[in-house]
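Residue-level listing of the chains:
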Amino acid sequence: MEKNNNHDSFFRELLSDSNKEMPFSDFEDDLMTEIWLDHEKKYSVRKNIKLSWLFFILGMLSGIAIVVTLSFYRDNQPLAFISDNLFPGVIIFICLTIILFAEKLVKISFRRDNQL
Amino acid sequence: MDELYIRKVLDGDIDAFRYFVHQYKDKAYNLAFSVLKNEFDARDVVQEAYIIAFRKLGKFRGKSKFSTWFFRIVINEALKSLKVAGKEKSIADTRTESVDPGHIRIDDTLSRDQQKYYIDLAMQNISSNEALALTMFYMEEYSIEEIREITGWTESNVKVLLHRARKSMYQELNLLLSTEKKTLY
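No experiment lies behind these values; they were computed from the predicted model shown.

A. Up close: unusual backbone geometry. Residue and element names in this part refer to chain B. The phi dihedral of Lys37 falls on the positive side, at around 60 degrees, and the residue is not glycine. Residue position: Lys37 is located in the loop between helix H2 (18-36) and helix H3 (39-56). By C-beta crowding, Lys37 is classed as partly exposed, having 19 other C-beta atoms within 10 Å. Positive phi is not limited to glycine here, since Glu141 has a value of about 55 degrees. Tracing the backbone shows Glu141 in the loop between helix H6 (128-139) and helix H7 (144-151). Since 9 C-beta atoms lie within 10 Å of it, Glu141 is described here as exposed.

If you want it as structure tokens, here you go:
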């Protein structure tokens, strides 16, 4: 016990002058700048996600409008070609686009904050 | 005081985070330096640790002190950085010779600066974990329980590491001081 105390007092004295302080005077300001940038980046990512949702919904509505319009002209010339050959293709394309975009948006939106 | 500033930061006052930077940067640097033994690496690790703490502040539940939580991040980042750089020294103790403090005497003729130089050099030569244990226990004056909480080591690990660290320091200092004498005379 006494030996341990001996060690402890010896080492306390030995290392008392070896405490180090941050030698970079600009550290505090640099770090706060980094933190502001990080905060702004996170904020702008959130803003972009909101805009992505807005344009995704607008795009989806436009897609539905196009499909409805195309189906309205289905039997009329000169769109008969589209209705006969491309109409199912357009629907599949729009559906795939919606699914892929929706999946990406949901992933990004529910990603944890520290990954942003 | 810490709780007040945590609340401020979480309420959107980003500049309030400066309080934590000002308050803990030196201790964080001291800990990171003891692991990495390089001032630039230590600065980068402390900076990274502050950014992580800022991002995760909302998840800090206040079960421990902010400083304990923050220093844990600093040490984890420092050890991670050491691993990435591949500089990790094995803590396996190959030295068996026991050295007693009575056998070591720092020459009184050495100036304070010279003594500090040799102590710093010895700290550089011992393993990162040993240097960290010495820094926390003797320089920062943490209790064994606090060291256990910050580092995640077990109590017996802390004690063993401190014992090895003291032994390594004695040996390093003996070696350095004997070399010094040979150079002088």
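B. The arrangement of the packing of H2(B) against H6(B) in detail. All names here are of chain B. Running from N to C, H2 and H6 cross one another at 150 degrees; their axes reach a closest spacing of 7 Å. The orientation of H2 relative to H6 falls into the category roughly antiparallel. Of the two possible hands of crossing, H2 and H6 adopt the one that is right-handed. Between H2 and H6, the residues in contact are Asn30, Leu31, Ser34 and Val35 and Ser128, Ala131, Leu132, Thr135 and Met139, respectively. A class-by-class count of the residues in the contact of H2 with H6 yields 5 nonpolar, 4 polar and no charged.

C. Seen up close, the domain arrangement of chain B. Residues and elements named next belong to chain B. Each domain of chain B was delimited in the assignment, giving domain 1 (2-85) and domain 2 (101-184). In this complex, domain 1 contributes 12 residues to the contact, which on the side of domain 2 involves 11 residues. Elements with a minimum of two residues in the side of domain 1 that touches domain 2: H2 and helix H4 (66-85). Here the side of domain 1 that touches domain 2 is composed, by residue class, of 5 nonpolar, 4 polar and 3 charged.

D. Structural detail: H6(B). All names here are of chain B. Along H6, 11 of the 12 residues are buried, which leaves the element largely enclosed by surrounding structure. Asn129, Glu130, Ala131, Leu132, Ala133, Leu134, Thr135, Met136, Phe137, Tyr138 and Met139 are the residues of H6 that are buried. A positive phi of about 55 degrees marks Glu141, the residue just after H6.

E. The arrangement of the confidence of the model for chain A in detail. Overall, the prediction assigns chain A a mean pLDDT of 78, with 78% of residues at 70 or greater. Within chain A, helix H1 (residues 2-15) of chain A has the poorest average pLDDT of any element, 72, and helix H2 (residues 27-72) of chain A the best, 86.

Cut-offs used in this document
- Residues numbered from 1 in each chain as written.
- Chains lettered and ligands numbered in written order.
- Predicted model: local features only at pLDDT ≥ 70, side-chain atom pairs only at ≥ 80, totals over all residues.
- Helix = DSSP H or I, 4+ residues; strand = E, 2+ residues; numbered from the N terminus.
- Buried ≥ 20, exposed ≤ 12 C-beta atoms within 10 Å, placed from the backbone.
- Axes fitted to C-alpha atoms, helices over the stretch in contact; angles between N-to-C directions.
- Parallel < 35°, antiparallel > 145°, perpendicular 65-115°, else oblique.
- Left-handed = near helix turned anticlockwise from the far one by under 90°.
- Contact = placed C-beta atoms within 7 Å.
- Nonpolar A, V, L, I, M, F, W, Y, C, P; charged D, E, K, R; others polar.
- Domains from an automatic or database assignment.
- pLDDT = per-residue confidence, 0-100.

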